[in-house]
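Letter by letter, the chains look like this.
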Amino acid sequence: MPGGNTRHSIALAPYPIYAASGSGCRVTDVEGDQRLDFLNNYTSLILGHADPQVTAAVQRRVALGTAFTMPTPEDVELAELLAARVPYVDQVRFCNSGSEAVMLCVKAARAFTGRHKIAKFEGAYHGLYDYVAVSEGPNSDEWGESDSPRSVIEPGTPPSVAEDVVVLPWNRLDVCRERITQHGDELAAVIFDPMPLGIGMIAARPGFLEFLREETARYGILLIADEVLNFRLSYRGAADAFGIQPDLGSFAKIIGGGFPVGAVGGSRQVMSVFDHTRSLKVHHGGTFNANPVTVTAGLETMRQMTPEAYQRLNGLGDYIRDRLRRMFHDRQLPAQVCGKGSLFLAHLTAEELIDYRSLRGFSRTNPVYGDLCHQMLNRGIIVSPRGVFGCLSTPMTEAELDAFVDALDQSLAQLALR
Ligand SMILES: Cc1ncc(COP(=O)(O)O)c(C=O)c1O
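Within each chain, residue numbers correspond to sequence positions counted from 1 in written order. In keeping with the predicted nature of the model, local features appear solely for residues at pLDDT of at least 70, side-chain atom pairs appear and are counted solely at 80 or more, and the whole-chain, interface and lining totals rest on all residues. Just so you know, side-chain values use all the structure's heavy atoms and leave hydrogens and water out.

(A) Local environment of the sheet that holds strand S14 (residues 388-391). The criterion for strand pairing is that DSSP finds at least two bridges linking the strands in question. Going along the chain from the N terminus, every DSSP run of H or I of four or more residues is numbered as a helix, and every run of E of two or more is numbered as a strand. If you walk across this open sheet you meet the 3 strands as S11-S12-S14, and the pairing is antiparallel. A single partner strand is all that each edge strand has here, and the edge strands are strand S11 (336-340) and S14. Taken over all neighbouring pairs, the strand axes of this sheet differ in orientation by 15 degrees on average, direction set aside. Bridge count between strand S12 (residues 343-347) and S14: 4 bridges; the pairing is antiparallel. Within S14, the residue paired with phenylalanine 344 across the bridge is glycine 390. With respect to the sheet, helix H11 (residues 307-331) is in contact with S11 and S12, its orientation differing from that of S11 by roughly 175 degrees. Every axis corresponds to a line fitted to the C-alpha atoms, with the helix fit spanning only the stretch in contact, and the corresponding angles, defined between N-to-C directions, vary from 0 to 180 degrees. Contacts are assigned to residue pairs with any non-hydrogen atoms lying within 4.5 Å of each other.

In structure tokens form, the structure reads like this:
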């Protein structure tokens, strides 16, 4: 495999640790070492590993066949569950990844509006689709002016893609207003993630998301919420947790209960672009869409995630964010802790963080995070090499969170970071 892996996000120098098994919030590697898992397959396992009820439901389902050229009752049940929980979702279509879900949202918005450009935030990650991958992690020499960020493409992307994507700076309301006004009648959609990991989970400034909602509505632009990662924030999802009502949403990760999944959801009117009984506008195939194994695992997982389960898990999130802040304070280490619900991200700087550019030097490119990751792995904690980023799972208790904070405290001391 080129680079020795088949997924850039799990590359680890000098080589990755290979997993043998997982149970609850612990993973055992092929050498028999056990660690606490604070990444949970990059946030997709909200119940942790090998939840007994999910495992039993999947085993039952596998014995009945795993793939058909027919729908199954389970896919209707998962669609109904999502539509019942997410306020702006009347209808759902399933696919196999978050990238596909985002792509389908963008295509739906184009078909619905008859326009083809989209706008996205500089630094935000939305998966592999060419158009949303524009400027997902540009270097400072590629940025362009702060009031007109360049559309930066990666090798392998046709230059014409850049012409169809307007890049916006997170939290810079005036610049966003100007850019959206300038391209108002060309834009099919603005895509946003209310707490974007690629932009360090920097919180939206008060009124910023409301501004996006109003401004897009003014120009007939669809607002797409990328809920792939942040759907885990609440029972009704991410947009609702921030009080926003978008037109379309992309979903994945936790709704597949540990299996590959994606879904697009939105109002009946917008979703009608996928309805084959009307004049078909957006073709949507996919051999394994809504396969019964994924939807069974997803259903069992989402059913366990009751409002009470979210409340408990998010309470643990408050606990660890608070403990991290106190630990940094006691060490007199300039730092700030971002995140919400079951997610946290600590930046080792006291400088004001507002957008992607303000993260320069403190984001994934800073080698200190790779060093910290190795320190944490050696102390029995799985964390990202690209930042002190973590996500919780329901099997965790305060004891595991204390272990995380203590290991980070010792790692910082070892690296002489005060
Ligand atoms: C916000 C966001 N959107 C889209 C994606 C792409 O999802 P997938 O990896 O399932 O294709 C991710 C993946 O991490 C994500 O975090």
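(B) Region of the structure containing the site of the ligand. Residues are labelled near a given molecule or strand when at least one of their non-hydrogen atoms is within 4 Å of it. Around the ligand, a shell composed of Ser97, Gly98, Ser99, Tyr125, His126, Gly127, Asp193, Asp226, Val228, Leu229 and Lys253 is seen. Polar contacts here mean pairs of N or O atoms no more than 3.5 Å apart (in protein, one a potential hydrogen donor and the other a potential acceptor; neighbouring residues in sequence count only if both atoms are side-chain atoms). Within the side chain of lysine 253, a nitrogen or oxygen atom sits 2.8 Å from an oxygen atom of the ligand. The Shrake-Rupley method, run with a 1.4 Å probe sphere, supplies the accessible areas, and residue values consider only the shown protein chains as cover. For the ligand, whose free accessible area comes to 390 Å², the fraction covered by protein is 79%. In this count, Pro and Cys sit with the nonpolar residues alongside Ala, Val, Leu, Ile, Met, Phe, Trp and Tyr, while Asp, Glu, Lys and Arg are called charged and the others, Gly among them, polar. Tallied by class, residues from the shell around the ligand come to 3 nonpolar, 5 polar and 3 charged.

(C) Broad picture of the side chain of arginine 323. Within the secondary structure, arginine 323 sits in helix H11. Exposure categories follow from relative accessible area, calculated using a 1.4 Å probe and restricted to protein chains: below 20% of the type maximum is buried, above 50% is exposed, and the middle band is partly exposed. Arginine 323 sits in the buried class, given a relative accessible area of 19%. Reaching out from arginine 323, the side chain makes a polar contact with the side chain of aspartate 406 at a distance of 3.3 Å. Look past the residues within four positions of arginine 323 in its chain and what remains in contact with it is Asp402, Val405 and Asp406.

(D) View of the pattern of salt bridges. We define a salt bridge as a contact between a side-chain nitrogen of Lys or Arg and a carboxyl oxygen of Asp or Glu at a distance within 4 Å. Tallied over the entire structure, the rule returns 17 salt bridges. With a shortest N-O distance of 2.6 Å, arginine 303 and glutamate 77 are connected by a salt bridge. Here arginine 303, found in helix H10 (residues 292-304), pairs with glutamate 77, found in helix H3 (residues 73-85); they are 226 residues apart in sequence, far enough to count as distant. The partner of aspartate 409 in a salt bridge is arginine 331, with the nearest N and O atoms 2.5 Å apart. Residue aspartate 409 is found in helix H13 (residues 398-414), and its partner arginine 331 is found in helix H11; the two are separated by 78 residues along the sequence.

(E) Spatial organisation of the nonpolar core. In terms of nonpolar packing, the biggest core is built from 85 residues, with Phe38, Phe121, Leu324, Phe328, Phe404 and Leu408 touching the most fellow members. Looking at this core element by element, the count peaks at 8 residues for H11. Phenylalanine 404 has contacts with Phe38, Ile320, Leu324, Phe344, Met376, Ile381, Val383 and Val388, leaving out every residue within four places of it along the chain. Put simply, buried Ala, Val, Leu, Ile, Met, Phe, Trp, Tyr and Cys residues joined by side-chain atoms within 4.5 Å make one nonpolar core.

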